[in-house]
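Summary of the model geometry
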Amino acid sequence: MGKLEKAVTDTAPPKEDAAPPPAYHDATGKRISAEDIEQLNSAFSSLSVPLIANEVTVDTCLAHLKLLFALQNLKETIGYTDGIWQIYDSRVFPNDKGVHVAEGTEELDDETKKNLSFLREKRWALFIARAADRYEAWWNSFPTDPLTENDMCADDHKYTRFVSDTPTKLESFAWDSTMLPPLDVLMVWHAHMLNPRAYAEDCMRRGLRELWHLGMPWQLVNDAIDTDFNYNVSHECMARSFHRVLSARYKT
């Protein structure tokens, strides 16, 4: 507390040769040129990201940021889609049921803006619930070798050496561009991985050693996201994902 009080009560004048703090805005008034934007886009589109990212590098961090921006774009798209799941912006206008609110809401009062934000969060919450259900179906589509009580009594790769032993069939399980899940499923998978202890336990219980050791296929994810942060996969990939989810859900 003594240091804090000293910092607050210290009124000594600054030294004459002390440089002023940096401004919060561009004092020169310059804007990013089209050439600079093109250079930034080129850098994003030419990241060197391995299929299995065992180390954190600048490029893998940028690839991760690309995914986060793509998820943010998805959230805004869902939130601003008027009428999805029968949730209409007109609900906040009881006297004008036919009104449709555009993205520009500067002329609306604060209460209306708050209610509109609640509607958009509600759409996103419903989307998340359905994404979690689709992720469960996608997760169940992988072939499993469930962990048993006998496995936990033995010293083998299914339990005690689940992490330390690299699977011998890792190459046969390698990712390719047709195996990427839809963006909503990818979003839930990414969130699942953010709790590594729980994710490792889930993989261990289902015997998904290859999936755990390979991790997120960052190279394929990076290649699927363009410089406008749109997630693009081939028709073959979409058809394969759709078939896997349906097969797992209906056990066909």
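Residues numbered from 1 in each chain as written. Predicted model: local features only at pLDDT ≥ 70, side-chain atom pairs only at ≥ 80, totals over all residues. Heavy atoms only, no water.

With respect to the overall build of the protein
- Secondary structure assignment for the protein yields 10 helices and 0 strands.
- Moving toward the C terminus, one meets the helices and strands of the protein in the order α-α-α-α-α-α-α-α-α-α.
- Counting across all 252 residues of the protein, residues that qualify as buried make up 32%.
- Once local pairs closer than 6 in sequence are excluded, the contacts in the protein between residues at least 24 apart make up 74%. (Helix = DSSP H or I, 4+ residues; strand = E, 2+ residues; numbered from the N terminus. Buried < 20%, exposed > 50% of the residue type's maximum accessible area, 1.4 Å probe, protein only. Contact = heavy atoms within 4.5 Å.)

Points about the packing of helix 3 (residues 58–79) against helix 4 (residues 110–140)
- Relative orientation of the contacting elements helix 3 and helix 4 amounts to 115°, with a least axis distance of 8 Å. Helix 4 is crossed by helix 3, and the crossing has right-handed handedness. Residues Leu71, Leu74, Lys75, Ile78 and Gly79 of helix 3 pack against Arg120, Glu121, Arg123, Trp124 and Phe127 of helix 4. (Axes fitted to C-alpha atoms, helices over the stretch in contact; angles between N-to-C directions. Left-handed = near helix turned anticlockwise from the far one by under 90°.)

Examining the packing of helix 6 (residues 183–193) against helix 7 (residues 196–206)
- Two elements in contact, helix 6 and helix 7, have axes separated by 7 Å at closest approach and are oriented at 105°. Relative to helix 7, the element helix 6 is oriented roughly perpendicular. Note on element contacts: helix 7 touches helix 6 through Pro196, Ala198, Tyr199 and Asp202, opposite Trp189, His192 and Met193.
- When the residues that make up the contact of helix 6 with helix 7 are grouped by side-chain class, the tally is 5 nonpolar, 1 polar and 1 charged. (Parallel < 35°, antiparallel > 145°, perpendicular 65-115°, else oblique. Nonpolar A, V, L, I, M, F, W, Y, C, P; charged D, E, K, R; others polar.)

Looking at the nonpolar core
- In terms of nonpolar packing, the biggest core is built from 41 residues, with Trp175 and Trp189 touching the most fellow members.
- At the level of elements, helix 3, helix 4, helix 6, helix 7, helix 8 (209–214) and helix 9 (218–224) are the ones that each hand at least two residues to this core.
- Examining the composition of this core, we find that 7 residues originate from one element, helix 6, more than from any other.
- When neighbours within four sequence positions are excluded, Trp175 is seen to be in contact with Leu51, Trp138, Phe142, Trp189, Leu211, Leu214, Gly215, Pro217 and Leu220.
- Among the nonpolar cores identified, the runner-up in size contains 5 residues, and Ile87, Val92, Leu116 and Leu119 belong to it. (Core = buried A, V, L, I, M, F, W, Y, C linked by side-chain atoms within 4.5 Å.)

What to know about helix 7
- Within the sequence span of helix 7, burial applies to Tyr199, Ala200, Cys203 and Met204. Each buried residue of helix 7 sits inside an arc of 135° when the element is viewed along its axis, so together they form one side. Those residues of helix 7 that are exposed and angled more than 90 degrees off the buried face are Arg197 and Arg205.
- Elements in contact with the buried residues of helix 7: helix 4, helix 6 and helix 8.
- Gly207 lies just past helix 7 and shows a positive phi near 75°. (Arc of directions from axis to C-beta.)

Here's the deal with the side chain of His213
- Relative to the assigned elements, His213 resides in helix 8.
- Assessed through its relative accessible area of 18%, His213 is described here as buried.

Section: the layout of surface pockets
- Here the largest pocket defines a volume of roughly 510 Å³.
- What lines the largest pocket is a set of 19 residues, and nearest its centre among them are Ala53, Met193, Gly215, Met216 and Trp218.
- Where the lining of the largest pocket is concerned, the elements lending two or more residues are helix 3, helix 6, helix 7 and helix 8.
- Broken down by class, the residue content of the lining of the largest pocket amounts to 12 nonpolar, 6 polar and 1 charged. (1 Å grid on protein atoms, 1.4 Å probe; cavity = no way out; pocket = protein on both sides within 12 Å on 5 of 7 lines; lining within 4 Å. Points joined across faces, edges and corners; volume = space filled by probe spheres on them.)

Let's talk about the pattern of salt bridges
- Taken as a whole and judged by the stated rule, the model has 9 salt bridges.
- With its nearest N and O atoms 3.9 Å apart, the salt bridge here joins Glu121 to Lys75. Of this pair, Glu121 sits in helix 4 while Lys75 sits in helix 3, placing them 46 residues apart in sequence.
- Classification of Glu121 by relative accessible area gives partly exposed; the value is 42%.
- Of the residues examined, Lys75 reaches a relative accessible area of 29% and is grouped as partly exposed. (Salt bridge = Lys/Arg side-chain N within 4 Å of Asp/Glu carboxyl O.)

A word on the packing of aromatic side chains
- Tallied over the full model, the rule gives 10 aromatic pairs.
- A connected cluster of aromatic rings, assembled from ring pairs, spans Tyr135, Trp138, Trp139, Phe142, Trp175, Trp189 and Tyr199. (Phe/Tyr/Trp six-rings, centres within 6.5 Å; stacked < 30°, edge-to-face > 60°.)

Focus: helix 6
- Of all 11 residues making up helix 6, 10 are buried, and the element is well covered by its neighbours.
- Taken together, the buried positions of helix 6 are occupied by Leu183, Asp184, Val185, Leu186, Met187, Val188, Trp189, His190, His192 and Met193.
- Buried residues in helix 6 make contact with helix 3, helix 4, helix 7, helix 8 and helix 9.

Some points on a nonpolar patch on the surface
- The grouping of Leu65, Leu68 and Phe69 at the surface amounts to a nonpolar patch, some 270 Å² of accessible area in total.
- Within the secondary structure layout, Leu68 lies in helix 3. (Patch = residues over 30% accessible without salt bridge, like charges linked within 9 Å, V, L, I, M, F, W, Y side chains within 5 Å. Areas by Shrake-Rupley, 256 points an atom, 1.4 Å probe, with all protein chains shown as cover.)

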